[in-house]
Each structure stands twice: as C-alpha cells, then as structure tokens.
Amino acid sequence: MISGIQIALKNAIDVIAPPATPLQDFTYHWKQLMNFYVNHLTDCKVPIQTTGIPRHLDRLLEILLEEEKNENEPGPCLEYLLQHKLLDLLATLASAETPPGMRTVCLSFLRKLLGRSKYPLLHHTSIYGPVQRLIALCNGNPPSPIEVEEVQFLLTLCFLVCKYPHVTNIINDAPNVQRQNTTAKKNIERIEVEKVTYIPARRRNNNFNPLFEPLDTQAVTLINPNLFNPENDKRRSIEFNRSHSKAGTTRGSSSQSNGSISSRETENASQSSSPVIQKEICGENSSVIQSSESQDYDVSQKNEDVALINEIDTHLQNLQDLRLDGEYGNVYDESHCLEGDQSLLRSKTPEKSKCLLLDALLSYINTADNTVRIRACEGIMVLSSLEDISFAQMVANSHLTTLIPSRLENLFNAIPAHVDPTEIDGVDVTWGLDSPAWTKEKKFSGCRQVAAFFMWFDYCNQLIREAHPDVADALAKSIRVNFLEKIVTPSLAEHHVVLITALVTKCLKELTSTVLCTEISYWLIGQDRGPEIPNVWTSPVLHRLIDNCFTDSDDLTLETLKLFEEMIEKRNEHILHCLVLVYLSTRGYYDNTAADSAIASWSDEEDEREREKKGSLDLSYEQSHSRTLAPSNIHRIVNCFLSLIPRYLQTDTDVNNYERYMADLERQYSTVLTDCSLMAWPLEAITVDDSASSDSRPEADHCSVRFYMGPFMTMLFEKVTNIPKQKYEVNLQLTVVISRLALLPHPVLHEFLLNPLLPLAPGTKNLFTCLQKVVKQLVNEVPKTPDHKQMLKETRERLLEDCSHEGEKENILFESVIVTEEFCKELAAIAYVKYHHSM
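For every chain, the first residue of the written sequence is number 1, and numbering continues from 1 onward in sequence order. Where local features are concerned, this predicted model is filtered to residues with pLDDT of at least 70; where side-chain atom pairs are given and counted, the filter is 80 or more; whole-chain, interface and lining totals use all residues. Side-chain descriptors were evaluated using all non-hydrogen atoms of the structure, hydrogens and water having been removed beforehand.

Caption draft 1: The overall build of the protein, seen in detail. In this description a helix means any DSSP run of H or I spanning at least four residues, a strand means any run of E spanning at least two, and both kinds are numbered starting from the N terminus. Within the protein one finds 37 helices and 0 strands. Type-normalised accessible area, obtained with a 1.4 Å probe on protein chains alone, sets the label of each residue: buried when under 20%, exposed when over 50%, and partly exposed for intermediate values. Expressed as a percentage of its 839 residues, the buried residues of the protein come to 53%. Pairs of residues are marked as contacts when any of their non-hydrogen atoms sit within 4.5 Å. Contacts spanning at least 24 positions in sequence make up 79% of the contacts within the protein whose residues lie at least 6 apart. For the protein, the computed accessible surface area is about 39,600 Å², with 52% contributed by carbon and sulfur atoms. Surface exposure here means Shrake-Rupley accessible area, sampled with a 1.4 Å probe, where a residue is shielded only by the protein chains that are shown.

Caption draft 2: How the structure looks around unusual backbone geometry. Following T98, the chain continues to P99 via a peptide bond in cis, the omega torsion being -5°. Secondary-structure assignment places P99 in the loop between α5 (86-96) and α6 (102-116). The backbone of K85 shows a phi angle near 50°, a positive value even though the residue is not glycine. One can find K85 in the loop between α4 (76-83) and α5.

Caption draft 3: Focus on the pattern of salt bridges. The term salt bridge refers to a side-chain nitrogen of Lys or Arg lying within 4 Å of a carboxyl oxygen of Asp or Glu. Scanning the entire structure with this criterion turns up 23 salt bridges. With a closest N to O distance of 3.1 Å, R59 and E62 form a salt bridge. On the criterion of helical spacing, the pair formed by R59 and E62 is a turn pair, its members being 3 residues apart in helix α3 (residues 53-70). Note on R59: relative accessible area 31%, which makes it partly exposed. Across the pair R111 and E149 runs a salt bridge whose closest N-O atoms are separated by 3.1 Å. Note that R111 is positioned in helix α6 and E149 in helix α8 (residues 147-163), a separation of 38 residues in sequence. Judged by relative accessible area, which is 19%, R111 ranks as buried. Assessed through its relative accessible area of 13%, E149 is described here as buried. Three or more residues are tied together by salt bridges with common partners; here these are E565, E569, R571, D675 and R740.

Caption draft 4: Main features of the side chain of R407. Relative to the helices and strands, R407 is located in helix α20 (residues 400-413). Lys and Arg are tallied as positive, Asp and Glu as negative. Neither His nor the chain termini are counted. Although buried, R407 forms no salt bridge, and the nearest oppositely charged side chain, D369, lies 11 Å from it. Think of a polar contact as two N or O atoms within 3.5 Å of one another; within protein, one of them needs to be a possible hydrogen donor and the other a possible acceptor, and neighboring residues in sequence only count if both atoms come from side chains. In this structure the side chain of R407 is engaged in a polar contact, spanning 3.1 Å, whose partner is the side chain of N366. Setting aside residues no more than four positions away along its own chain, R407 makes contact with I365, N366, R373 and W456.

Caption draft 5: Here's a closer look at helix α2 (residues 22-39). Helix length check: α2, at 18 residues, gives a terminal C-alpha distance of 26 Å against a target of 26 Å (1.5 Å per residue), a fit within 8%. Inspection of α2 places L23, Q24, D25, F26, T27, H29, W30, L33, M34, F36 and Y37 among the buried residues, and these make up the whole buried set. The secondary structure elements touched by the buried residues of α2 are α3, α4, α5 and α6. For a helix, the expected span equals 1.5 Å multiplied by the residue count minus one.

Caption draft 6: Empty space enclosed by the protein, seen in detail. Lining residues are defined by having an atom within 4 Å of a point belonging to a cavity or pocket. Those points lie on a 1 Å grid over the protein atoms alone, cavities being sets where a 1.4 Å probe fits but cannot get out and pockets being open sets with protein on both sides within 12 Å along at least five of seven lines. Grid points are joined across faces, edges and corners, and a volume is the space filled by probe spheres set on the points. Applying the stated rule across the entire model yields 10 cavities of 30 Å³ or more. Its volume calculated, the second largest cavity comes out at about 130 Å³. F457, F483, L484, V504 and C507 are, among the 14 residues lining the second largest cavity, the residues nearest its centre. Listing elements by their share of the lining of the second largest cavity, those giving two or more residues are α22 (447-466), α23 (469-491), α24 (497-510) and α25 (514-525). Polarity classes work like this: nonpolar for Ala, Val, Leu, Ile, Met, Phe, Trp, Tyr, Cys and Pro, charged for Asp, Glu, Lys and Arg, and polar for all others, with Gly in that last group. Across the lining of the second largest cavity, the residue classes tally to 14 nonpolar, no polar and no charged.

Caption draft 7: Local environment of a negative patch on the surface. Taken together, the side chains of D552, D554, D555, E729 and E810 present a region of like negative charge at the surface. Tracing the chain through its elements places D555 in helix α27 (residues 554-569). Any residue with relative accessible area above 30% and no salt bridge may belong to a patch, with like charges joined within 9 Å and the nonpolar Val, Leu, Ile, Met, Phe, Trp and Tyr side chains within 5 Å. Where a charge lies is defined by one atom per residue type, namely NZ (Lys), CZ (Arg), CG (Asp) and CD (Glu).

Caption draft 8: View of helix α34 (residues 747-754). Counted residue by residue, α34 has 8 buried out of 8 residues, so it is predominantly covered. All of the buried residues along α34 are P747, V748, L749, H750, E751, F752, L753 and L754. Looking at the buried residues of α34, the elements they touch are α28 (573-584), α30 (634-642), α32 (710-721), α33 (728-742), α35 (767-781) and α37 (812-838).

Caption draft 9: Highlighting the packing of α2 against α3. Between the N-to-C directions of two axes lies an angle of 0 to 180 degrees, each axis being a line fitted to C-alpha atoms and, for a helix, fitted only over the stretch in contact. For the pair α2 and α3, interaxial distance at closest approach is 9 Å and the crossing angle is 160°. One element, α2, and the other, α3, form an angle in the roughly antiparallel class. Remark: the crossing between α2 and α3 carries left-handed chirality. Contacts between α2 and α3 pair P22, D25, F26, H29, W30, Q32, L33, F36 and Y37 from the former with I53, H56, L57, R59, L60, I63 and L64 from the latter. Residues of the contact of α2 with α3, tallied by class, amount to 11 nonpolar, 3 polar and 2 charged. An angle below 35 degrees is read as roughly parallel, one above 145 as roughly antiparallel, one from 65 to 115 as roughly perpendicular, and any other as oblique. Left-handed describes a crossing whose near helix is turned anticlockwise from the far helix through less than a right angle; right-handed describes the clockwise counterpart.

Caption draft 10: Broad picture of the packing of aromatic side chains. Put simply, two rings from Phe, Tyr or Trp (the six-membered ring, in Trp's case) pair if the centres are within 6.5 Å, and we call them stacked under 30 degrees between planes, edge-to-face over 60, tilted for the rest. Scanning all chains against the criterion turns up 16 aromatic pairs. Judged by centre distance (5.0 Å) and plane angle (85°), the rings of F36 and Y37 are edge-to-face. An angle of 45° between the planes, with centres 4.9 Å apart, marks the rings of Y589 and F752 as tilted. In this pair, Y589 is assigned in the loop between α28 and α29 (604-616) and F752 in helix α34, connecting sequence segments 163 residues apart. Here Y589 and F752 have matching classes, each one buried. Following the ring pairs from residue to residue traces out a cluster consisting of F412, F453, F454 and F483. Above the plane of the ring of W456 lies R407, whose end atom (NZ or CZ) is 4.8 Å from the centre. Charge over a ring is defined by NZ of Lys or CZ of Arg lying within 6 Å of the ring centre and within 35 degrees of the ring normal.

Caption draft 11: Representation of the packing of α20 against α23. Two numbers describe how α20 lies on α23: the axes approach to 9 Å, and their chain directions differ by 30°. On the basis of their axis angle, the class for α20 and α23 is roughly parallel. Judged by the sense of rotation from one axis to the other, the crossing of α20 with α23 is right-handed. Judged by residue contacts, L400, T401, T402, I404, P405, L408, E409, F412 and N413 of α20 engage V471, A474, L475, S478, I479, N482, F483, I487, V488 and S491 from α23.

Caption draft 12: Spatial organisation of the nonpolar core. Throughout this description, the term nonpolar core refers to a set of buried Ala, Val, Leu, Ile, Met, Phe, Trp, Tyr and Cys residues connected via side-chain atoms within 4.5 Å. Of all hydrophobic cores here, the largest spans 214 residues; its most connected members are L357, F712, M713, L716, L741 and L753. Every residue in contact with M713, bar those within four places of it in the chain, is listed here: V580, L741, F752 and L753.

Caption draft 13: Local environment of the state of the cysteines. Any cysteine sulfur atom paired with another within 2.5 Å is treated as part of a disulfide. For the structure on display, the rule yields 0 disulfides. C158 forms no disulfide, and the closest cysteine sulfur to it belongs to C355, at a distance of 8.4 Å.

Caption draft 14: View of the side chain of T401. Here T401 shows up in helix α20. For T401, the side chain forms a polar contact with the main-chain oxygen of S398, separated by 3.3 Å. Excluding anything up to four places from it in sequence, T401 contacts A396, A474, L475, S478 and N482.

Caption draft 15: Summary view of the environment of G75. Examined against the element boundaries, G75 turns out to sit in the loop between α3 and α4. As a C-alpha pair, G75 and L23 span 52 residues in sequence and 8.9 Å in three-dimensional space.

Caption draft 16: Quick look at the environment of E559. Mapped onto the elements of the fold, E559 is located in helix α27. In this structure E559 comes out as buried when scored by relative accessible area, which is 8%. Sequence separation between E559 and Q733 is 174 residues; the distance between their C-alpha atoms is 9.2 Å. Once residues within four sequence positions are removed from consideration, E559 is found in contact with P421, V498, T501, A502 and T505.

So, in structure tokens, the structure goes:
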C-alpha cells in the first residue's frame with residue numbers, strides 16, 4: 001500500500017516537475033559555479049575549499065563521463081562544453097588564481113576529463129587553446145606549491161600525445177602551430193568541429209524545469225579589484241588600442257573567448273562565444289539553450305544586456321594582464337595578426353624551436369621533490385620517443401640537449417672530493433623510485449651525492465636508449481661536449497683524479513645505450529681511426545690515462561687499469577680498433593723472412609696436410625674453422641705457458657691445474673663470441689701488404705719502419721715486464737686486462753698474445769717474450785732469499801686460499817711469482833678454450 005502511494009506520488013511529481021535531463025543538470029552546476037563570481041565581484045580571495053566550486057566541477061565531470069557510457073557518440077553535454085568554450089573560461093580563472101586554489105582545481109578537472117574520456121578531444125579548437133594556456137602556467141622555476149598537480153597534468157598530456165600521435169602539433173608553442181590558410185583546410189576543420197559541436201536546432205522539452213535554465217556564461221566575468229585601479233587604466237588602454245591596430249579589424253572580429261591563443265579559433269570566429277559579439281551570442285544562445293520565448297526581449301532588457309556585456313568585455317580584456325606577458329603575451333598579439341603577415345611571425349620566431357610541453361617538463365628536473373622530478377622525467381622520455389620526424393627534430397633542437405647535461409654537471413660537481421674511490425663500484429641505483437637505501441640511508445660519506453649523480457646518469461642512459469634516433473644523437477653528443485670534454489677531461493689531471501677515474505669506470509660499466517657508448521668512446525680515444533705516430537699525442541684523454549698508469553700512485557694505476565678493463569668489456573668496435581687492432585692488423589710483428597721456418601709453429605702432420613690440400617687443387621674444400629684460433633699444435637702452445645716457470649719456483653704441484661680455469665672461461669668466451677658476432681673480423685691472420693710491389697722496392701723488406709704496437713699495448717707490456725716490482729693488486733688487475741684482450745676472437749690479436757711459437761720481426765716483443773723477462777728476473781732474485789720455498793708456499797696460501805698468517809708482511813717479489821704462475825695457467829686455458837670453440 002505504502003509503495004503504491006510512493007509510486008503514485010512520484011509520478012505526480014514527475015508530471016508537475018519532470019526530472020532534469022543530463023544537459024539541464026550540467027548547465028545547472030555550471031550556473032551554480034558561475035554564481036560564485038556574481039556574488040563576489042569585489043572579493044575573490046575566499047579559499048576555494050570554502051566554496052562549492054570543486055564540488056560543482058566534480059559533478060560536471062561525472063555527468064560528462066556518465067554520458068559517454070550511455071552513448072556511442074558525443075552527447076549534448078560534451079557538445080555544450082565545446083561549443084560554449086567553457087574550458088577557455090576555466091583557463092582564465094586558473095591563470096587568475098581566483099579564488100586561491102582555482103588553478104589546482106582546474107588542472108585536476110581537465111586532467112581527469114582528457115585522461116578518462118574515450119574520445120580524442122585534444123585536437124578540438126575549444127580544447128587545445130585552454131590546454132596550451134595551462135601548460136604555460138606550469139613552471140617549476142621557481143618551485144611551485146602545486147607542482148605535483150602540475151606535473152600530473154603535463155604527464156597526462158604526454159601519454160595522450162603518445163596515444164594519439166596526430167595531435168603532436170598541439171603541444172608546440174603557439175607561434176609554431178601551423179595555420180590553416182586554404183579553403184579546403186578550413187572546410188575540413190569545420191567538418192571536424194561540427195562532429196562534436198552542439199546543434200543549435202535542437203529544442204528543449206516544453207516541460208523543462210526553470211531551475212535548470214542554462215546560464216549565459218559570458219554574462220559572468222571574473223573581477224579582481226587590484227587590476228582595475230586608476231593607475232593601470234592608461235596602460236590597459238594602450239595595450240587594447242595596440243591589439244586593435246595589429247588585427248586591422250573591428251574588436252568583434254579579432255577577439256576570442258577569453259583570449260584564446262589558437263589561430264584556428266580566429267577562423268572559427270562565427271562559432272566563438274566571445275561576449276563582444278553581442279548579436280551572435282544572443283542569437284546562438286536563443287537557439288541552443290533558450291526557448292523561442294527568449295526572442296521577445298523588450299527594448300529596455302536588451303539595453304541592460306548591452307551595457308552589462310560591454311562592461312564584461314572591458315573586464316575580460318583587462319584579464320589579459322593576469323597572463324604572463326613576458327612569456328606568452330606576444331602569442332596573443334601574434335594570434336590577432338592577419339594571415340598575410342606571416343613574414344612578421346617568422347621574424348619573431350626564435351632560432352631554436354620550442355616545444356611548450358617539453359619546456360614545461362624540463363622546468364621540474366631540478367626540483368627538490370624526487371617524485372615530481374621522476375614524473376617529469378617520464379614525460380620527457382615519452383616525448384623524446386615519439387616517431388614523428390619533424391617533432392623529433394624540434395626536440396633535438398630544444399633546451400633538452402643543454403639542460404640534461406647541465407644537471408649531470410651540477411651533480412658531478414656536488415660529489416665531495418673525500419669520497420672513497422673503492423666505494424664507488426658498490427653503488428647500485430637506478431633513476432626511478434627503487435633505490436631508497438642510497439637516498440635515505442648513509443652507506444658511506446658522500447654516498448647520497450654519488451647516488452644522485454649515478455641516478456641521473458642512468459636516466460640519461462635510458463633516455464638516449466629509448467629516444468628517437470635524432471634526439472638520441474643530439475643528446476649524446478651534447479653530453480660528450482658539454483660534460484665529458486668540458487668538465488671531466490680537466491679533472492683527470494687534478495689531485496682527486498683517482499675518484500674521477502673510478503666515477504668514469506662506473507659510468508662505463510652501467511652504460512647500455514649504444515649511441516651514448518659511441519660518444520664516450522670518441523671522448524676516450526678520439527674519432528680518428530688511423531694509427532698514431534709514436535710520441536705524438538692525438539687523443540688527449542687516452543694518453544692522460546696511459547700516463548696515469550706510470551705515476552707513483554698505485555691507487556691511480558689500479559683505477560686506470562680498471563677503466564681499461566671496462567673499455568674492453570664494452571666490446572665497442574671503435575674502442576678495440578683504436579686501442580689495439582689498427583696497429584696489429586698489418587702483422588708488422590711477423591718475421592716474413594722466416595717463412596720457411598714458420599712451419600715450426602705447426603705440427604709436421606698439419607703441415608703435410610696443408611701441402612696436400614694445396615697440391616690437389618681441391619676447389620670443393622672450404623675451411624670451416626680458423627686455423628689461427630685452432631692450431632693443431634695446441635698442446636705445444638699450452639706447454640709453452642705451463643713450463644715457463646721453473647719447477648723449483650712453482651708453488652702448485654699439479655701441472656694440469658690450469659683446467660680449473662676452464663669452466664669460467666667457457667662461459668666468458670661464449671659471451672664474447674655473441675658480443676663480437678657482428679664485427680667484420682677476418683677468419684685468419686694474414687699479412688696485408690698495402691705498399692708497392694716488393695719486386696720494384698726490394699729495400700722494403702729490409703728497411704721497413706719498425707713495428708709499433710700502439711701506446712696501449714706498449715703500456716701493458718711495460719707493466720708486465722715490471723711485475724716483480726709492482727704491488728699484488730696492480731699485477732692482478734693487469735693480468736685481468738690482458739686476459740680480456742686475449743679472449744677476443746680476432747685472429748691477429750690472438751696470434752700476437754697467445755702464440756709463443758710465432759716468428760717475430762727483429763726488435764719486436766710480444767706477451768710471451770715479456771713473460772720470459774719476468775721469469776728471468778724472478779729466477780735471479782727469489783733464490784737469494786733464505787727458505788724461499790716455504791715463503792712461496794705461505795704466500796700462495798695467503799693469496800689464493802684465504803689463509804691468514806699473523807705477522808707476515810707483504811712481499812712483492814714472492815707475490816709476483818704467484819701472479820706470474822697463475823697468469824700463465826690462465827693464458828694456457830684461454831688458448832685451449834678458443835681452440836675447442838673454433839674446431
């Protein structure tokens with residue numbers, strides 16, 4: 001009974017006052033929002049939390065999103081929003097920050113609308129104008145109290161641009177937005193606008209609720225009393241007259257809704273809801289949202305409307321003072337220019353292309369809020385990775401290529417000089433939010449500054465890796481020029497060079513971007529791929545590093561050798577070529593006069609088989625493996641290394657103990673083969689004669705220039721020869737560097753380092769001859785020490801078996817015996833592993 005009465009009562013209410021339609025509900029909340037400004041014409045400093053503005057905006061958003069769920073095409077609420085340019089007015093309110101906090105609310109509303117809508121709204125003339133204005137308001141210099149909301153808004157736009165690449169141009173600076181000049185383009189744009197434009201011919205239901213009668217939004221203006229004091233009237237009048245003269249038209253034809261910055265809105269002036277176009281507004285509103293009875297205005301009411309609109313027009317013109325004149329005030333002036341004045345616009349355009357959204361994001365990279373900075377970095381990475389070629393070129397010419405290296409420089413200079421270099425390699429951070437231990441806890445003195453630097457370097461690395469090739473090349477080159485050459489190179493000669501070298505080593509170790517690796521290789525060894533002349537420096541950084549290996553500082557030598565290890569580990573073709581291969585590729589170390597005796601490096605059986613193959617002229621025979629890497633006399637080569645240390649100096653009784661290196665070297669060599677698979681290296685070590693014929697130049701074989709192995713190999717061999725006088729840590733790192741070189745599958749390099757039976761040109765040395773000199777020194781010095789066999793045994797236990805002997809002092813001579821013995825085993829294992837893989 002009760003439910004029946006309720007239903008009947010509800011039906012009666014619906015007949016008397018029918019429920020509001022979504023459009024009526026939408027216009028009602030917009031009217032209530034605007035009523036705040038009607039009631040606060042002289043006081044707009046009320047905090048926005050105490051007003052109903054956020055609630056009404058939330059309800060407007062709910063209505064728009066709910067409308068999308070129920071319809072497959074844009075509904076009347078969205079059409080009303082676009083046709084009447086409500087977002088343009090919200091952008092004006094946000095720029096005025098009236099009431100305080102309005103900017104945050106507007107950014108949140110627009111971010112949610114654009115991000116949640118299933119329609120690509122960003123390209124519409126009523127959307128991208130306010131969006132550009134709000135982007136210009138987002139600036140992290142100086143820090144903003146609402147920068148979290150600003151960055152979220154900017155990041156949403158980045159993802160929308162990534163989702164809809166065709167709207168890329170809307171994030172460009174306003175003067176660079178391409179103008180549509182032809183009639184065909186205008187017609188296309190008009191059709192696109194009409195797709196989502198409110199249809200004026202629609203008539204509302206006769207049973208409408210007067211409470212939801214739409215508000216003439218242009219009849220409400222934002223009043224800021226501080227703007228309209230008498231001393232500012234003269235300046236406003238001058239600016240207003242100047243805009244008249246620039247447009248060359250009446251005020252009604254040049255004005256836009258709240259000063260929109262888009263030139264395309266000028267072309268659609270007939271659709272504008274600007275308050276100064278009084279007759280058009282009245283006619284449009286009467287057909288869109290008011291009944292036919294609205295045409296029966298009496299004369300007195302029209303006069304009052306005219307007076308009110310004229311007053312509002314003045315106030316809206318004055319609101320341009322709220323915008324940042326220095327930043328985009330000229331944009332408004334230029335948007336009023338005639339289409340024929342394109343030369344004037346081009347003359348005002350700066351040489352460096354500007355991306356409004358990218359520049360806004362870049363302003364936050366130095367903020368103290370780590371979360372804000374990371375969100376800005378995400379947006380920068382999204383924009384840099386877009387596939388649009390023209391946009392990528394604009395990004396490459398933007399401030400991105402200067403601000404990113406600038407922050408890297410600042411963080412590098414902030415690292416304290418007292419940081420322990422040995423702690424650098426243990427720093428493990430990334431640019432995201434997954435490294436709290438290094439940013440909140442104190443691992444060592446200066447760890448936070450070091451972590452901040454490596455986090456930004458990791459971001460640079462990932463940014464270049466993900467960016468468009470044009471952007472990646474420009475950014476990597478800028479890092480090399482503005483950071484490495486300008487800042488790091490002079491530091492390699494200063495008193496804290498050990499720390500600088502450790503930082504560079506860590507950067508190279510964490511590097512994954514091929515483009516950035518190439519630029520760093522150019523910085524380390526130069527771009528010239530030709531061989532250097534002895535004692536002539538063409539690569540200052542490389543020679544500085546080599547000189548640092550010969551200083552009295554063992555710490556500096558150790559760190560520099562670690563850097564060379566990482567350079568080899570990168571498997572960069574340019575680095576390997578300039579360090580070693582360019583000097584060895586001609587086989588100048590090989591004694592051509594000993595061609596007959598060169599067979600001694602192979603077994604008699606192998607030599608006989610080779611002669612038979614040549615004599616049989618079997619053209620079907622195809623070599624399937626490298627004879628240089630897999631010689632048949634591999635056991636002779638292995639025995640040469642294993643027997644280099646005399647029996648009485650050997651501390652390991654098991655002669656075949658080199659096999660314990662095999663498992664680890666198998667894994668390493670498999671990785672090396674994969675990394676070097678794309679390098680165009682030859683299969684065999686063959687002498688390349690690029691000189692004239694030896695028949696016409698018989699002196700060439702006897703008066704040739706002495707072989708030069710390059711500064712890097714010369715340094716390594718000198719350090720090898722000096723093993724008996726160097727600290728254990730330096731010797732150990734030296735053997736690691738040479739082992740990394742020996743693992744490379746280049747036949748000439750393999751032959752030079754791992755073939756002890758190779759006939760050498762007079763006056764030439766290789767790795768095996770250097771080791772022979774070391775052993776000779778050890779043989780002469782070690783027996784002079786009483787009880788040297790016991791001391792060698794204890795030294796081996798201390799170094800290799802982690803056995804501590806209290807009171808025992810380090811003995812460089814005995815330690816060098818252990819290093820040399822184990823190094824020879826490792827070389828023998830490398831030769832055998834490469835032989836096994838090459839068969």
